[in-house]
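# Chain and residue survey
Spelled out, the chains give:
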Amino acid sequence: MRHVPADLPEAPVVPGRLLAISDLHVSHPRNRRWVADLPPGLPGDWLLVAGDLAEKVEDIEWTLRTLRSRYGTVVWVPGNHDLWAHPRDPVKLRGEARYQHLVALCRDLGVVTPEDPYPVWTGAGGPAVIVPLFLLYDYTFRPDGTSTKAEALDLAYQTGVIGADERHLHPDPYPSREAWCQARIDATLPRLAAIDPELPTILVSHFPLTREPTRILRYPVFAQWCGTEQTADWHRRFRARTVVYGHLHIPRTMVQDGVRFEEVSLGYPYEQDRHPERPRQLIQILPPGPARTLGPPPADGSVHPPGR
Ligand SMILES: [Fe+2]
Ligand SMILES: [Fe+2]
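Since the structure is predicted, the reported quantities are computational estimates derived from the model, not experimental observations.

## Description of the coordination of the iron ion (ligand 2)
Listed as protein donors to the iron ion (ligand 2) are Asp52 (OD), Asn80 (OD1), His206 (NE2) and His247 (ND1); their distances from the metal cover 2.2 to 2.3 Å. Between the two metal centres, the iron ion (ligand 2) and the iron ion (ligand 1), the spacing is 3.5 Å, with Asp52 acting as a shared donor. Of this pair, Asn80 sits in helix H3 (residues 80-83) while His247 sits in the loop between strand E7 (240-245) and strand E8 (252-256), placing them 167 residues apart in sequence. Accessibility classification places Asn80 together with His247 in one group, the buried group.

## Side note on the pairing of strand E3 (residues 73-76)
Every second residue of E3 is oriented toward a common face, with Thr73 and Val75 on one face and Val74 and Trp76 on the other, all of them buried. Across four bridges, strand E2 (residues 46-49) lies against E3 in parallel orientation. Within the sheet, the bridge partner assigned to Val49 lies in E3 and is Trp76. Taken together, E2, helix H2 (residues 57-70) and E3 form a β-α-β motif whose crossover is right-handed.

## What about the sheet that holds strand E9 (residues 259-263)?
One open sheet accounts for six strands, arranged E4-E5-E6-E7-E9-E8; its pairing is mixed. Edge positions in the sheet fall to strand E4 (120-121) and E8, since each of these pairs with one other strand and no more. Both strand E6 (residues 201-205) and E7 contribute to a ladder of four bridges, which runs parallel. Across the sheet, residue Leu203 finds its bridge partner in E7, namely Val243.

## So, the packing of helix H1 (residues 29-36) against H2
In contact at an axis separation of 10 Å, H1 and H2 are set at 25° when each is read in the N-to-C sense. The orientation of H1 with respect to H2, classified from their angle, is roughly parallel. Contact residues: Arg32, Val35 and Ala36 in H1; Asp59, Trp62, Thr63, Thr66, Leu67 and Arg70 in H2. Of the residues assigned to the contact of H1 with H2, the class counts are four nonpolar, two polar and three charged.

Conventions adopted
- Residues numbered from 1 in each chain as written.
- Chains lettered and ligands numbered in written order.
- Predicted model: local features only at pLDDT ≥ 70, side-chain atom pairs only at ≥ 80, totals over all residues.
- Heavy atoms only, no water.
- Donors = N, O, S within 2.8 Å, 3.2 Å for Na, K, Ca; no water.
- Helix = DSSP H or I, 4+ residues; strand = E, 2+ residues; numbered from the N terminus.
- Buried < 20%, exposed > 50% of the residue type's maximum accessible area, 1.4 Å probe, protein only.
- Pairing = 2+ DSSP bridges.
- Right-handed = clockwise from strand over helix to strand, strands pointing away.
- Axes fitted to C-alpha atoms, helices over the stretch in contact; angles between N-to-C directions.
- Parallel < 35°, antiparallel > 145°, perpendicular 65-115°, else oblique.
- Contact = heavy atoms within 4.5 Å.
- Nonpolar A, V, L, I, M, F, W, Y, C, P; charged D, E, K, R; others polar.

Put into C-alpha cells, the structure is as follows:
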C-alpha cells in the first residue's frame with residue numbers, strides 16, 4: 001500500500017486514454033461500416049481524428065457525428081480529401097470557405113478544431129496540450145535532383161504521379177496552395193509560442209511535420225504533396241511528446257529526436273487487404289501504447305497511388 005501523508009488526499013486514478021485515427025475514407029463502404037461498428041470509448045477517453053474522413057460534407061458530418069456519439073471529446077483536423085471541391089459533392093464551397101464551413105459544422109457537433117483554444121489532456125500520461133494543426137504543404141518536400149516547385153512538378157508530370165489535389169484542392173482566396181500553407185503557418189506560430197512552456201504538447205496534423213516518414217513512399221515524387229520543410233523542427237521547438245499524423249497510409253511508430261511520431265491511418269480497403277499486418281484500430285497515444293514497427297519498408301510501398 002502506498003504511503004500517503006495524512007494531510008494530503010490520495011490522488012485519484014485518472015481514467016481515460018488519448019486515442020487517435022485518421023484517413024477513415026468512409027466513401028468506401030467497408031470503412032464506413034468500420035466506423036459504424038466502432039464501440040463507444042471508455043469514460044474519459046478522447047479521440048483525435050487526423051483528417052481525410054471523406055470527400056462529401058454529408059459524409060464528413062456523418063463520421064464526426066458518429067464518433068462524437070462514442071467519445072466525450074473529439075478533436076479534428078482537416079485532410080486534403082475533406083477540403084476537396086469534389087464534383088460529386090453538392091456543397092460547392094472551395095478553399096478557405098469550405099474549411100470554415102467544416103469548422104462551423106464541428107462547432108455544432110461539439111468537435112474541437114484547429115480554430116479553438118488548445119485543450120489540455122489531464123488524463124493518464126498527461127498533462128499535455130493537444131494542438132490540432134491545419135498547415136497543408138508547400139511543395140518543399142522535393143524529389144532528389146530537383147530544387148524548385150516547377151522542377152518537382154515537372155518530374156511528377158513526366159512520371160505520371162500527380163497528386164489529385166492539383167484537380168480538387170482549391171486554395172481560394174489564396175493564389176496558390178503554398179500561399180494558403182504559408183498563411184496557416186503564420187497564423188499558427190504565435191499560438192504555439194503562447195503555450196505554457198512548462199507543458200509538453202501532442203501535435204496533431206494530417207500531413208507529416210517532417211520529411212522522414214515520406215522516405216519510404218512507393219512514389220517518392222509524391223512527397224511534394226505531403227508537407228513543408230518549415231515544420232521540420234516543430235516537434236523539438238514546441239516540446240512535442242508525440243506527433244500524430246496520417247495522409248501517407250503507412251501506419252507505424254517512428255522516433256525522431258526522442259519524439260514519437262505516430263502515423264494512425266486506417267487507409268483504403270485494398271491497402272488493408274494488401275497489408276493484413278497493419279492495425280485496423282484506434283491507436284493509443286497516452287498513456288503511450290506499444291510501438292508499432294512494420295519491419296523493413298514493404299517492397300511495394302504504399303501511399304495514395306497516382307490520381308487518388
Ligand atoms: Fe488519406
Ligand atoms: Fe491525405
